[in-house]
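# Architecture and fold: a report
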Amino acid sequence: TRDRLDYRLDEQIGFLLRVAMQRHTAIFMSRIIAGLTQTQFAAIAKLHEVGPCSQNHLGRLIFLDAATTKGVVDRLRARGLITVGPDATDRRRRAIGLTERGRKIAQRAVKVALEITEQTLAPLSATEQRSVIRLLKKLA
């Protein structure tokens, strides 16, 4: 009848992305080192990749709002993984960088994260893996 829409939840992109993310999160949390959360890992991995930057810029690079970025930065600072100081070019900004301990943890965590990605994508062929990454980048 017309009352029954042809809608199947398990064929919807939002549902499928959430289920895939739940699977990835379970793999991530079981393997990541140093008790890092996904957002903490993103922050130190990006700092390891690009070097020191402003807190605002870091948040934009890892797609976090300002309040969430501040919380992540505060927690990483409390753990001794990052330094926070005035930006040399703009005193209104906070400059964020990795400590030596943070750099070592970032290096180890990135290696583990590569294994996590491999495990997450393991059900797919190499061609499918490249395709899903390419397609997700188009959606991001």
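Check the entry above for the structure.
Residues numbered from 1 in each chain as written. Predicted model: local features only at pLDDT ≥ 70, side-chain atom pairs only at ≥ 80, totals over all residues. Heavy atoms only, no water.

## Here's the deal with the pattern of salt bridges
On inspection of all chains with the given rule, the structure shows eight salt bridges. One salt bridge in this structure joins Arg 94 and Asp 74, with 3.5 Å as the shortest N-O distance. Placement of the pair is Arg 94 in strand S3 (residues 94–98) and Asp 74 in helix H4 (residues 66–78), with a sequence separation of 20 residues. For Asp 90, the salt bridge identified is with Arg 93, shortest N-O distance 3.9 Å. Salt bridges sharing common partners tie together Lys 70, Asp 74 and Arg 94. (Salt bridge = Lys/Arg side-chain N within 4 Å of Asp/Glu carboxyl O. Helix = DSSP H or I, 4+ residues; strand = E, 2+ residues; numbered from the N terminus.)

## A look at helix H2 (residues 38–50)
Between its first and last C-alpha atoms H2 spans 18 Å; for 13 residues at 1.5 Å apiece the expected length is 18 Å, and the two agree. Restricting attention to buried positions, one finds in H2 the residues Gln 40, Phe 41, Ala 43, Ile 44, Ala 45, Lys 46 and Leu 47. Positive phi shows up at Gly 51, right after H2, with a value of about 85°. (Expected span 1.5 Å × (residues − 1). Buried < 20%, exposed > 50% of the residue type's maximum accessible area, 1.4 Å probe, protein only.)

## Regarding the environment of Ala 43
Tracing the backbone shows Ala 43 in helix H2. Residue Ala 43 is classed as buried on the basis of its relative accessible area, which comes to 1%. Through-space distance from the C-alpha of Ala 43 to that of Gln 55 is 9.9 Å; in sequence the pair is twelve residues apart. Ignoring sequence-local partners within four residues, the contact set of Ala 43 consists of Leu 58, Ile 62, Val 72 and Leu 76. (Contact = heavy atoms within 4.5 Å.)

## Some points on a nonpolar patch on the surface
Side chains of Ile 13, Leu 17, Leu 136 and Leu 139 sit close together on the surface and give an oily, nonpolar patch of about 390 Å² of accessible area. Elements supplying a minimum of two residues to the nonpolar patch: helix H1 (13–31) and helix H6 (126–139). Relative to the elements of secondary structure, Ile 13 occurs in helix H1. A relative accessible area of 54% means that Ile 13 is categorised as exposed. (Patch = residues over 30% accessible without salt bridge, like charges linked within 9 Å, V, L, I, M, F, W, Y side chains within 5 Å. Areas by Shrake-Rupley, 256 points an atom, 1.4 Å probe, with all protein chains shown as cover.)

## A short note on the layout of surface pockets
What the largest pocket holds in volume is close to 1400 Å³. Lining of the largest pocket is provided by 34 residues; of these, Met 21, His 24, Thr 117, Ile 133 and Leu 136 occupy positions nearest its centre. Every element with two or more residues in the lining of the largest pocket is listed here: H1, H2, helix H5 (100–121) and H6. A per-class count over the lining of the largest pocket returns 25 nonpolar, five polar and four charged. (1 Å grid on protein atoms, 1.4 Å probe; cavity = no way out; pocket = protein on both sides within 12 Å on 5 of 7 lines; lining within 4 Å. Points joined across faces, edges and corners; volume = space filled by probe spheres on them. Nonpolar A, V, L, I, M, F, W, Y, C, P; charged D, E, K, R; others polar.)

## Some details on the packing of H2 against H4
At their nearest, the axes of H2 and H4 sit 10 Å apart, and the two run at 80° to each other. Comparing their axes, H4 and H2 come out roughly perpendicular. Across the interface between the two elements, Thr 39, Gln 40, Ala 43 and Ile 44 of H2 pack against Val 72, Arg 75 and Leu 76 of H4. Class assignment for the residues of the contact of H2 with H4 results in four nonpolar, two polar and one charged. (Axes fitted to C-alpha atoms, helices over the stretch in contact; angles between N-to-C directions. Parallel < 35°, antiparallel > 145°, perpendicular 65-115°, else oblique.)

Function-wise, these values are silent; they only describe arrangement.
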